[in-house]
Amino acid sequence: MDYSSRGYGRGFGRGCSRAEGPFQRKGVRMTLTRRVIIDALDRADGYLSAEELFLIVREEYPGIGVATIYRTLQLLEELSLVQRVETGEGRARYAMSRDKDAGEAGVGNEVVLICDRCGKVIRQPKAAARCSELFDSLSREAEENYRFRTERQVLQIHGLCAGCAGTPSEKGR
């Protein structure tokens, strides 16, 4: 099958170009399969489980296996290119880091809202920016008191999304 006719090989998004540096530094090849997975994550609106990512990628790249998805997600996490959150539903969810320094200086900080009923994960970039002083302070304290070097911080706030709670969201008011 000619994947270039399906948009692969040339038209990959910024996620793939951001990933090339970390891949080269680690001495890992940027394969077509990895590009397809990174591109799907980069296009996603929010956090995806490995299974959801598999279903998306399989539509455009039918030869892919679920084990490849898991291995690639693990590699992307090691390279600080994806943010992983545990939602309490027994599976992790992943999203490409939106940090401008992703892959260079780590994933950075994130504040997410997690619906305990449906598992939806909502990013809060403005909250993360407002919490940057707190995150920095916590990192310094961890280093000073425990010799613990912080690589990323994720504040997870659990509750019910507007759909599950049956109330209009803040944007709808």
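Values in this document were obtained by computation on a predicted structure and should not be read as measured data.

Focus on helix 3 (residues 50-60)
Along helix 3, the positions that sit buried rather than exposed are A50, L53, F54 and V57. Buried residues in helix 3, looked at end-on, bunch into an arc of 105°, giving them a common side. Check the buried side of helix 3 and you find it contacts helix 2 (32-43), strand 1 (48-49), helix 4 (66-78) and strand 3 (92-96).

Notes on the pattern of salt bridges
In this structure the tally under the stated criterion is 9 salt bridges. With a closest N to O distance of 3.6 Å, E60 and R43 form a salt bridge. Of this pair, E60 sits in helix 3 while R43 sits in helix 2, and the two are 17 residues apart along the sequence. Where E52 meets R93, a salt bridge forms, and the shortest distance between an N and an O atom there is 2.7 Å. You can see E52 sitting in helix 3 and its partner R93 sitting in strand 3, a full 41 residues away along the chain. Assessed through its relative accessible area of 29%, E52 is described here as partly exposed. The structure contains a network of salt bridges with shared partners spanning D39, R43 and E60.

A word on the packing of helix 2 against helix 3
At a minimum axis distance of 10 Å, the contact between helix 2 and helix 3 shows a crossing angle of 120°. Here helix 3 runs oblique to helix 2, going by the angle between their axes. Crossing of helix 2 against helix 3: the hand is right-handed. Between helix 2 and helix 3, the residues in contact are V36, I37, A40, L41 and R43 and L53, I56, V57 and E60, respectively. Looking at the contact of helix 2 with helix 3 residue by residue, the classes come out as 7 nonpolar, no polar and 2 charged.

Rules used in this analysis
Residues numbered from 1 in each chain as written. Predicted model: local features only at pLDDT ≥ 70, side-chain atom pairs only at ≥ 80, totals over all residues. Heavy atoms only, no water. Buried < 20%, exposed > 50% of the residue type's maximum accessible area, 1.4 Å probe, protein only. Helix = DSSP H or I, 4+ residues; strand = E, 2+ residues; numbered from the N terminus. Arc of directions from axis to C-beta. Contact = heavy atoms within 4.5 Å. Salt bridge = Lys/Arg side-chain N within 4 Å of Asp/Glu carboxyl O. Axes fitted to C-alpha atoms, helices over the stretch in contact; angles between N-to-C directions. Parallel < 35°, antiparallel > 145°, perpendicular 65-115°, else oblique. Left-handed = near helix turned anticlockwise from the far one by under 90°. Nonpolar A, V, L, I, M, F, W, Y, C, P; charged D, E, K, R; others polar.

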